[in-house]
Amino acid sequence: MAEIHRYDAVIIGGGGAGLMGAVQLAGKCNLAVLSKLYPIRSHTGTAQGGIGAALGNMEEDHPEWHTFDTVKGGDYLVDQDAAEMMCREAVETVYDLEHMGLPFSRTEDGRIAQRRFGGHTKEFGKAPVRRSCYAADRTGHMILQTLYQQCIKQQVHFFDEFQVVDVLLENGRAVGVVAIQAATGELHLFHAKALLFASGGCGRIYQITSNGHALTGDGMAICLRRGIPLEDMEFFQFHPTGIYKMGILITEGARGEGGILRNRKGERFMQRYSPTLLDLAPRDIISRAMYLEARNGLGIDGKNYFHLDLTHLDRKILEEKLPDVTDFVRTYLGIDPVKEPIPVQPTAHYPMGGIPTDMDGRVLCDEKNTVVPGMYAAGEVACVSVHGANRLGTNSLVDILVFGRRAGRDMLKLVNAADWPPLPPEPDGFARQQIEALRTASGKESAAAIRETLQNDMMDKASVFRDATQLKAMQAKLAELRERYKQVRVRDRGSVFNTELLEALELGYLIDLAETIVVGAVARDESRGAHYREDFPQRDDAQWLKHTLFYQTDKGPRLTYKPVVITKYQPQERKY
């Protein structure tokens, strides 16, 4: 039997959404934060360019303009009531962070500095606007440090390197989670009145990705296996400027400071695809443009990469506003971006879909928006649908902070009002069964080999450009990989820091989530945002202005749909 812990509230994930939620609860209830990493290694720390908020410090700006850009950027699949709320509360949230001590970059008169970012405009699309609030190119790192220090100050109880492997539901209510402690291999049961999943994304499905090794979609897959649907998983964003072959991100802030994308002829090719916003067009449009240029033989040296040119910028801009990017390029490529262009290619970056929630972070389990009592989600693991079919840069940090905060506040109301829910019989049974099956299996398959095949094939068949033939081939490949996964053998039979076992568990999650992407993409026979079907290149609002819900059942995948919330902005053709 697993060791049992009892907390009013348990947060799964120590990144920006989880810690922002924890700050709301700290000192007001008995709270635990579980993280598979040391919290300040969480992926929020890699966010570079800034937080979008219409402060208007550098030029006129309004939350209404931010909302419009978010809706248009998401190709009108955004729930507009949620986007309005997010863009309105973004301003207050940034000032909250400032008051907590976050060291933002400053204007000469001492206000929070702002820079341009892709898809963010003034006057409903007329020209780029300075909206991204930044701390050099270390914004996410500073957010994590600031929030973590607030949690330590409030004596939040952290369980570091505890990997959650199951969520417990009893009579339709969330009542706890089961986690494995990496240091011992022992299972621990956390009994709680309220749970917040803030466990991040799943970019490791793909071969070339900006995501760290830990981004394996654990929270999404664990909930999916317990009957919670995932929403809009077919929309996966590719960021245009990952370092060639490595995927390490070069922030959009580099283009916000004046960086230019060039093909092998030295042409600023975005003039052909986005004559108004140029290199600051939304990410889906630039990534597709790069693929098309490469098909036409215009990639550098005829290959599938391009140059991000910063050589015309003042050295001071690179050293002071983009110090991490400059350092990455010097360290990993051995070139000086002051003198030489940076080789870049699209890199898998961000799922627009996830666990469906309402605006208070409460998890929803069907197309009628039925709430799962006691269960919350926020950040990249969740889908409140403020990103629709394509997320704008800087809106991920807004999302995690605004909805992490709202979820934490709503959880506090719940834990003050609710009684302790009962645990189900044998609460750790399902988790123990999965782990022991892997630990004792005698098959001959290697988890690493299956993972490599999965990542390569997803990159080839279900990435920036898609069609029915490739997607169905990927479906068949996933069926094959599932069979091979049943034959995986974990050679390390020990308990202490058995990372081979943990990675085998994560591979199971990645296969499940790859299926949600592919099945949703096969069904959606239109092109919208990051989902581009070459066999159906037009957006089809009549048939597809709706959200996908994917369920995992004993009989296989099941899809249902629910309508998009439209308030002010009627869908129109998306031009930049």
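Above this text is the structure in question.
Residues numbered from 1 in each chain as written. Predicted model: local features only at pLDDT ≥ 70, side-chain atom pairs only at ≥ 80, totals over all residues. Heavy atoms only, no water.

S.K.: Residue-level account of the sheet that holds strand β21 (residues 546-553), with values.
M.R.: Pairing in this open sheet of three strands is antiparallel, and the strands run β10-β21-β22 from one edge to the other. Lying at the two open borders of the sheet, with one neighbouring strand each, are β10 (230-231) and β22 (556-563). Bridge analysis of β21 against β22 gives eight bridges, and the strand direction is antiparallel. Across the sheet, the residue bridging to F550 is L559, located in β22. The strands touched by helix α5 (residues 218-225) within the sheet are β10 and β21, with β21 carrying the most contacts at an inclination of about 65 degrees. Across the face of the sheet, helix α15 (residues 499-523) comes into contact with β10, β21 and β22 while running at roughly 60 degrees to β22. (Pairing = 2+ DSSP bridges. Helix = DSSP H or I, 4+ residues; strand = E, 2+ residues; numbered from the N terminus. Contact = heavy atoms within 4.5 Å. Axes fitted to C-alpha atoms, helices over the stretch in contact; angles between N-to-C directions.)

S.K.: How would you summarise the pairing of strand β4 (residues 114-122) if you had to cite specific residues and measurements?
M.R.: Counting buried positions over the nine residues of β4 gives seven, a clear majority of the element. In this antiparallel pair of consecutive strands, β4 and strand β5 (residues 127-133), the connection spans four residues, and E123 shows a positive phi of 50 degrees. (Buried < 20%, exposed > 50% of the residue type's maximum accessible area, 1.4 Å probe, protein only.)

S.K.: Hey, could you go over the nonpolar core for me, with residue numbers and the actual values?
M.R.: One finds V10, L34, V177, F197, Y206, L454 and M458 to be the most contacted residues of the largest nonpolar core, which totals 80 residues. At 14 residues, the largest contribution of residues to this core is made by α15. When residues no more than four places from it in sequence are discounted, the contact partners of L454 are I205, M474, L478, L481, L507, L510, I511 and A514. Core analysis: the next-biggest nonpolar cluster, separate from the first, contains 53 residues, A26, A198, V384 and M411 among them. (Core = buried A, V, L, I, M, F, W, Y, C linked by side-chain atoms within 4.5 Å.)

S.K.: For α5, give the residues involved together with the corresponding values.
M.R.: The buried fraction of α5 is high, at seven of eight residues. Those residues of α5 lying buried are D218, G219, M220, A221, I222, C223 and L224. Just beyond α5, the residue with positive phi is G227, at close to 95 degrees.

S.K.: Would you mind going over the packing of aromatic side chains in detail, with residue names and values included?
M.R.: Scanning the entire structure with this criterion turns up 18 aromatic pairs. Seen in terms of ring centroids, Y7 and F159 are 6.0 Å apart; in terms of plane orientation they differ by 85 degrees. Their pairing is edge-to-face. Pair noted here: Y7 is in strand β1 (residues 3-12) and F159 is in strand β6 (residues 157-160), with a separation of 152 residues, a long-range link. Of the residues examined, Y7 reaches a relative accessible area of 8% and is grouped as buried. Its relative accessible area of 8% is what places F159 among the buried residues. Aromatic side chains F162 and F190 sit 6.2 Å apart centroid to centroid with 80 degrees between the ring planes, which places their arrangement in the edge-to-face category. Of the two residues, F162 sits in strand β7 (residues 162-170) while F190 sits in strand β9 (residues 187-197), which places them 28 residues apart along the sequence. (Phe/Tyr/Trp six-rings, centres within 6.5 Å; stacked < 30°, edge-to-face > 60°.)

Such coordinate-based values are descriptive only and should not be taken to indicate function.
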